[in-house]
Amino acid sequence: MEKSSTLDYINQMFPTEASLSGVEPLMQKVHNEIRVVDTEILAAVRQQSNSGTKAKEDLAAATRAVQELMYKVREIKTKAEQSETMVQEICRDIKKLDFAKKHITTTITALHRLNMLVSAIEQLQVMASKRQYKEASAQLEAVSQLCSHFDGYRDNPKITELRDKFKNIKQILKSHVYSDFSSLGTGKETEENSLLQHLTDACLVVDALEPSVREELVKNFCDRELISYQQIFEGAELAKLDKTERRYAWVKRRLRTNEEIWKIFPTSWHVDYLLCIQFCKLTRSQLEDILENLKEKPDVGTLLMALQRTIEFEEELAEKFGGSGGTRNIVQDIRKKYEKKLAAHQDDDKDLAVPGAGFNFRGIISSCFEPHLMVYVDFEEKTLMDNLEKLVQEETWDMDDGGQTNILSSSMQVFLIIRRSLKRCSALTKNQTLLNLFKVFQRVLKAYATKLFMKLPKGGTGIVAAATGMDGHIKTSDKDERMICYIVNTAEYCHKTAGELAENVSKIIDPQLADGVDMSEVEDEYSAVITKALVTLVNGLETKFDIEMVAMTTRVPWATLESVGDQSEYVNNIKMILNGSIPVLGTLLSPVYFQFFLDKLASSLGPRFYLNIFKCKQISETGAQQMLLDTQAVKTILLDIPSLGKQASGAAASYSKFVSREMSKAEALLKVILSPVDSVADTYSALLPEGTHSEFQRILDLKGLKKADQQTILEDFSKRGSGIPIATSAVQMVPATAAGPPPPVAVAVAVVSQQGGGSSYGAAMISREDVLTRAAALGRGAATTGFKRFLALTEAAKDRTDGPFRKLFNA
């Protein structure tokens, strides 16, 4: 320890003077500990001294042991080298003897095989000269195996000589076989049964030779077989399209006649298979020439008959050579056997060289007809169009009461004849011709859509109709309405079935042409027919209201009416018209299209009734009250249309809301007419905030105010800056005449809002709430029975629950 630390230690042990009394005991204790440590050190030194001496003795003993071990290892190594030398001397002579034995054995074997090869080649030469094919086939296999043992001796002159001799013998056998097979098919085989057996043995030789020999032999045989066919059907008499069936009859007869004779060929050769392939290629070439050289378009019947017989023949071949599992197995085996040769020979005759290599007979001949089938397509189009015209002429355009489909029978017949045409064509071809026929189907269906469109009732035409405003009016009877419903349902059926037809065609047509199969244009045509038919239905129903609209303005003395009574006669007639048409329409039309009909009807009748009020010359207070009663009655009638058509209330909720809004506008107009002169402007601004200056002036005319009085009100109205536009009214103002009713105008005017702000006239004018209160109190003094009924009707006619509406079409 450092001095400072020692001092700190001593000061810590003896902090006070009194503690110094413990120094002596502490010193005594320290001396005792020192003596103990000295004793231990001395003992350790003595022990270490004794251990060092012993360690030196042990090290010397270990050194002596290692030297003895090294001596023994050197001795063992010397003895091992002596042993190895002794073994090598012993084995040297044995190895020489072993090599000598091996060479002698190899030489003996080679000489023996050489002797066998020489003998076999001599025997084979004798067999070849005597045409002993059966024995030669086995000998060929033996010589080939013996030759393979001498592949390493190609430089040896004797081996080369023997190989050349074997090659010459095989060439001789090949020429003999070809020569003998040349007599096959000449008629000699029927006279000499031995010849058939002789050729059967020759086939064994051919199998023992290279595969090219067999391929060449079979090809030559097929060529000879088809020489007579080529000569017969290239002549002027049979080289015609109508003689096509006789071609196939010839080859089938040939196969059947020579079936027994051709049994000489091994089944693995597939001679009949290869002959049919060659026949199909030759037939296709001849038919192409016939079709190309026709001076006129071929007769459709003859063309289709030739094509049909060709397809039937191809199906027979496909079934014969590819239908059975056994045949397919043979085909696969042969394909594997000749894979390398097929890859090496990419020529036109590879299917002849490789029997059963997956050749597809379907279309091999019939595909040559494809470029010439437009005459068939034209014939189908003419037939379909003629049948369509006949079906339309025979159509009754009506349905029995017991009918369940509510569609025209002609539509089902049209698709029936189209499906028959499709079936006929798909049995013949599934390529470009089928696509061309599909385009014919499109034209036929478009033509039918045009027929349906032309059958819809039309309005007036010409200059007179346009001048009188009658060109948009369509008169429809009850029968016409039923017919229009049938047309709507028929167009929907055609729209759906046309899409299904396109799906069916896309499944059976060549996949490369499937993208061209599309019925969207046809579907658009029928959608247009549906829309036009429903609009025609609405226009026809509107036309029925023309007389009642005229009666409303001319037959009721609104200016001189003395009391309010029951609803007017024209209201009863409107109800009668709707009761006669709506139930039938609701039964015949689907819910979707009936909703579309309601949409169009609501967007027309409400604004039309509103406009018809302006056609009256003058309306007194009593007349306004009576008209208000009639308005409520008409509103109730219109709200009952969905239930009258047996439609779900939920689907018609939006329709009811729309009708209530439009009819409330007419009610607001009548309340303005009922208002006092001094507050008419305030009432008009509050109830009809979107009204126009010209419309307000017409209301003053209806109230019977003189021009001078009107001028004062109008000037005062304009000075107050009501914010009402003075531009031409969005609602067509029609003078009060007895002329025909105006064309329907779709107007959307919002009902007075119950929210937000005071009147736009400023703080000096009467507030909106005051005006509405006064308008509601109009007519309280009239205590007639009719007015009491009006109040009851007003209370009963509430807006119905909202619901989805016009989700498919907009007005």
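In this text the structure is predicted, and so the values were computed from the model without any measurement.

Asks: Teacher, can you tell me more about helix 20 (residues 546-554) here?
Replies: An α-helix turns once every 3.6 residues. As a result, residues three or four positions apart point the same way. Within helix 20 the residues assigned to the buried category are D546, E548, M549, A551, M552 and T553. Buried residues belonging to helix 20 abut helix 19 (520-544), helix 21 (569-588), helix 22 (591-614) and helix 23 (621-639).

Asks: Sorry if this is basic, but what is going on with the packing of aromatic side chains here?
Replies: Each aromatic ring pair is summarised here by two numbers: the centre-to-centre distance and the angle between the ring planes. Tallying each qualifying case throughout the model produces 16 aromatic pairs. Seen in terms of ring centroids, F594 and F597 are 5.9 Å apart; in terms of plane orientation they differ by 35 degrees. Their pairing is tilted. Here F594 pairs with F597, and both are found in helix 22, just three residues apart, close to one helical turn. There is no split in this pair, since F594 and F597 are both buried.

Asks: What should I look at first to understand the confidence of the model for the protein chain in this one?
Replies: As a general rule, the predicted coordinates of low-pLDDT regions are not to be interpreted in detail. Averaged over all residues, the pLDDT of the protein chain equals 77, while 79% of them reach at least 70. Considering each helix and strand of the protein chain separately, the mean pLDDT is smallest for helix 30 (residues 785-796), with a value of 35, and largest for helix 16 (residues 432-455), with 93. Predicted confidence for residues 461-470 stays below pLDDT 50, and this span has five contacts to residues more than four positions away or in other chains. Across residues 722-811 the pLDDT falls below 50, and counting only partners more than four positions away or on other chains, this stretch makes 162 contacts in the model.

Asks: Sorry, what's going on with the nonpolar core here?
Replies: Taken as a class, soluble globular proteins show a tendency for nonpolar side chains to be buried jointly. Formed by 192 residues in total, the largest nonpolar core has its most connected members in F181, F265, L445, F597 and I613. Not counting residues within four places of it along the chain, the set of residues in contact with F181 comprises L199, A202, C203, L217, R224, I264 and F265.

Asks: For this particular structure, what's the right way to read the pattern of salt bridges?
Replies: Pairing of side chains with opposite charge becomes possible as their charged atoms draw close. A complete count under the given rule lists 21 salt bridges for this structure. Where E245 meets R309, a salt bridge forms, and the shortest distance between an N and an O atom there is 3.4 Å. Residue E245 is found in helix 8 (residues 244-257), and its partner R309 is found in helix 10 (residues 300-322); the two are separated by 64 residues along the sequence. Residue E245 is classed as partly exposed on the basis of its relative accessible area of 44%. Residue classification places R309 among the partly exposed residues on the basis of a relative accessible area of 23%. Measuring nitrogen to oxygen at the nearest pair gives 3.2 Å for the salt bridge that ties E315 to R362. With E315 in helix 10 and R362 in the loop between helix 13 (350-353) and helix 14 (374-394), this residue pair connects regions lying 47 residues apart in the sequence. A relative accessible area of 34% means that E315 is categorised as partly exposed.

Asks: What is the right way to look at the packing of helix 20 against helix 22 in this model?
Replies: The packing of two helices is summarised by the inter-axis angle and the distance between the axes. Between helix 20 and helix 22, the least distance of the axes is 9 Å, while the angle of their chain directions is 35 degrees. The hand of the helix 20/helix 22 crossing is right-handed. The segment helix 20 lies against helix 22, with D546, M549, M552 and T553 engaging R608, F609, N612 and I613. When its residues are assigned to classes, the contact of helix 20 with helix 22 shows four nonpolar, two polar and two charged.

Asks: How do you make sense of unusual backbone geometry when you look at a structure like this?
Replies: Leaving glycine out, the prevailing phi sign among residues is negative, and the prevailing peptide bond configuration is trans. Positive phi values are uncommon outside glycine, yet R131 reaches one of about 55 degrees. With respect to the helices and strands, R131 occurs in the loop between helix 2 (23-130) and helix 3 (133-148). One non-glycine residue, H270, lies in the positive phi region at around 50 degrees. Among the structural elements, H270 can be located in the loop between helix 8 and helix 9 (271-292). On the basis of relative accessibility, which here comes to 11%, the residue H270 falls in the buried class.

Asks: Hey, could you run me through the packing of helix 4 (residues 157-181) against helix 7 (residues 211-233) in this one?
Replies: Two elements in contact, helix 4 and helix 7, have axes whose closest approach is 11 Å; the angle formed by their N-to-C orientations is 20 degrees. With respect to each other, helix 4 and helix 7 are oriented roughly parallel. With respect to the hand of their crossing, helix 4 and helix 7 are arranged in right-handed fashion. Listed contacts from helix 7 to K174, V177, Y178 and F181 of helix 4 are V213, E216, L217 and R224. Classifying every residue of the contact of helix 4 with helix 7 by side-chain character gives five nonpolar, no polar and three charged.

Calculation criteria
Residues numbered from 1 in each chain as written. Predicted model: local features only at pLDDT ≥ 70, side-chain atom pairs only at ≥ 80, totals over all residues. Heavy atoms only, no water. Buried < 20%, exposed > 50% of the residue type's maximum accessible area, 1.4 Å probe, protein only. Helix = DSSP H or I, 4+ residues; strand = E, 2+ residues; numbered from the N terminus. Contact = heavy atoms within 4.5 Å. Phe/Tyr/Trp six-rings, centres within 6.5 Å; stacked < 30°, edge-to-face > 60°. pLDDT = per-residue confidence, 0-100. Core = buried A, V, L, I, M, F, W, Y, C linked by side-chain atoms within 4.5 Å. Salt bridge = Lys/Arg side-chain N within 4 Å of Asp/Glu carboxyl O. Axes fitted to C-alpha atoms, helices over the stretch in contact; angles between N-to-C directions. Left-handed = near helix turned anticlockwise from the far one by under 90°. Nonpolar A, V, L, I, M, F, W, Y, C, P; charged D, E, K, R; others polar. Parallel < 35°, antiparallel > 145°, perpendicular 65-115°, else oblique.

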